Structure formats: structure tokens, C-alpha cells
Amino acid sequence: MITKPGNTIGPVGQGLNTRFGDYGGAGLNATDYPPDEYVYEPNPKATLDNNGDVSYNGTWGYDDYLTSVPCSSGTYCTANGQPNRRILPVPIVVCSTASGGTTAFDITAIGCFFMLQTAPTSNSGKEAVFGEFIEDCTVTGGAPGDDSDTNGAYRIVLYNDPLRTES
């Protein structure tokens, strides 16, 4: 994996926020980027204090999300939502060799990250994306198959077909 330096927080935040049904960015819509089926956010939201430490007085998290889905009715249920859109596969790297700028890292694992709340769309407050790492998703996610023309993680399934020479 090669990092991309620069400030692209606006487009990144806009893309992440589609998972909550927020389509503030140009060209984003619910048809192409459906929200999660349950879009509740904690109140008050998590923030960073002046020292860069997380300040979160709430107790709402992934376990509460699990008890609220599948979402059949209620204020935070979305009509055309999809399950688990708030769970993102995130590459885990060893960054001890980081030197700034463009850097290449080996991916050591893929972690499942649950988005607690919407992401910032400007870097004026030096905010972060808040959530919980919930499990290692290296092999557990993805659908087997040969249709890779959609976005997402795919699990490759190898098998031997005695009737085909290319397997």
C-alpha cells in the first residue's frame, strides 16, 4: 500500500458520510451509495481535546448498534438502507518506518472498523474519524465469485475442477 500525502479530508469525509445518508458531495446519491440501515449517532459526539486525546462521554457503541439492527422502524431507520455499511475494512500496517510524504507499507491484516459517527468534511478543527475496531476481517468478509465489477472486498476461492484444464 502506498500512502497519498495531501489534504483530501473533504472528499473522504463526504464519501464516508454516505453511510449515514448524508450526500453533501457532488455526484453522491443513495442509489449508488446507499446508507446503512441504522444511522443513529451518539449525542454528544466524540471529539478530540486540545492534547489530541479522545473525549467521549457517551456509552453508545457497536454492541448497541447490533441490538438495533435489523432495523424495521424508528427514527434512525433508513428506508433503503443496507446492513453493515458502517463497518469498513481498514488496512493494518506497521508504520514505524514512516518518513512523511509518499510511503510504501506492507499490509499485515485487515481490521473491521465500525464508524461511530459521521466524519469531518473540513480539517479546520483537526477532527478525526471515530469508531471501534471490532474484529480482524482478513478472511471473514467478502463474497466468493468471479463478478468483480462492483466495489468491495472479495474472497478468492480456489478449487480443482477435473473437467477443466485451467483450474
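Below or above, wherever it landed, is the structure these notes cover. (Residues numbered from 1 in each chain as written. Predicted model: local features only at pLDDT ≥ 70, side-chain atom pairs only at ≥ 80, totals over all residues. Heavy atoms only, no water.)

## A look at the overall build of the chain
At step 1: Helix and strand counts for the chain come out as 2 helices and 5 strands.
At step 2: Reading the chain from its N end, one meets helices and strands in the order α-β-β-α-β-β-β.
At step 3: Counting every position in the chain, which comprises 167 residues, the buried fraction comes to 25%.
At step 4: Looking at the chain alone, contacts between residues at least 24 apart form 56% of all its contacts between residues at least 6 apart.
At step 5: A total accessible area of about 11200 Å² is found for the chain, and carbon and sulfur atoms account for 51% of it. (Helix = DSSP H or I, 4+ residues; strand = E, 2+ residues; numbered from the N terminus. Buried < 20%, exposed > 50% of the residue type's maximum accessible area, 1.4 Å probe, protein only. Contact = heavy atoms within 4.5 Å. Areas by Shrake-Rupley, 256 points an atom, 1.4 Å probe, with all protein chains shown as cover.)

## Things to note about the side chain of Asp36
At step 1: In this structure, Asp36 sits in the loop between α1 (9-17) and β1 (47-48).
At step 2: One buried charged residue, Asp36, remains without a salt bridge, the closest side chain of opposite sign being Arg86 at 5.3 Å.
At step 3: At 2.8 Å, the side chain of Asp36 and the backbone nitrogen of Arg85 are in polar contact.
At step 4: What Asp36 contacts, discounting residues up to four positions off in sequence, is Arg19, Tyr65, Thr78, Gly81, Gln82, Pro83, Asn84, Arg85 and Arg86. (Lys, Arg positive; Asp, Glu negative; His and termini not counted. Salt bridge = Lys/Arg side-chain N within 4 Å of Asp/Glu carboxyl O. Polar contact = N/O pair within 3.5 Å; in protein donor to acceptor, adjacent residues only side chain to side chain.)

## Examining the pattern of salt bridges
At step 1: Within the structure shown, the criterion is met by 1 salt bridge.
At step 2: A salt bridge links Lys45 to Glu41, with the shortest nitrogen-to-oxygen separation between them at 3.1 Å.
At step 3: Since its relative accessible area comes to 22%, Glu41 is described here as partly exposed.

## As for unusual backbone geometry
At step 1: In this chain, Asn43 is followed by Pro44 through a cis amide linkage whose omega measures 10°.
At step 2: Examined against the element boundaries, Pro44 turns out to sit in the loop between α1 and β1.
At step 3: Residue Pro70 is reached from Val69 by a cis peptide bond, and omega for that bond is 0°.
At step 4: Looking at the secondary structure, you find Pro70 in the loop between α2 (62-68) and β3 (87-93).
At step 5: A positive phi angle, near 65°, is found at Asn84, a position not held by glycine.
At step 6: Within the secondary structure layout, Asn84 lies in the loop between α2 and β3.

## Thoughts on the packing of aromatic side chains
At step 1: One pass over the structure, following the stated rule, counts 10 aromatic pairs.
At step 2: On the numbers, 6.1 Å between centres and 45° between planes, the contact of Trp60 with Phe114 is tilted. Linking Trp60 in the loop between β2 (54-55) and α2 with Phe114 in strand β4 (residues 107-115), this pair joins segments that are 54 residues apart in sequence.
At step 3: Overall, Trp60 belongs to the buried group, its relative accessible area being 15%.
At step 4: In this structure an aromatic cluster arises from ring pairing among Tyr38, Tyr40, Trp60, Tyr62, Tyr65, Tyr76 and Phe114. (Phe/Tyr/Trp six-rings, centres within 6.5 Å; stacked < 30°, edge-to-face > 60°.)

## Examining the environment of Ile92
At step 1: Position of Ile92 among the secondary structure elements: in strand β3.
At step 2: The class for Ile92 is partly exposed, based on a relative accessible area of 31%.
At step 3: C-alpha separation for the pair Ile92 and Gly111, spaced 19 residues apart in sequence, amounts to 6.5 Å.
At step 4: Sequence-distant contacts of Ile92, that is, excluding residues within four places in its chain, are made with Asp106, Ile107, Thr108, Ala109, Ile110, Gly111 and Phe133.

## Comments concerning the nonpolar core
At step 1: Ranked by size, the top nonpolar core spans 14 residues in total, and within it Tyr38, Trp60, Tyr62, Tyr65, Ile87, Phe114 and Leu116 carry the most contacts.
At step 2: Only α2 and β4 provide two or more residues apiece to this core.
At step 3: Discounting residues that sit within four places of it in the chain, Tyr38 has contacts with Trp60, Tyr65, Ser68, Val69, Cys71, Tyr76 and Arg86.
At step 4: Formed by 7 residues, the second largest nonpolar core is a distinct cluster that contains Val39, Leu88, Phe113 and Met115. (Core = buried A, V, L, I, M, F, W, Y, C linked by side-chain atoms within 4.5 Å.)

Any functional reading would require information beyond the geometric quantities listed.
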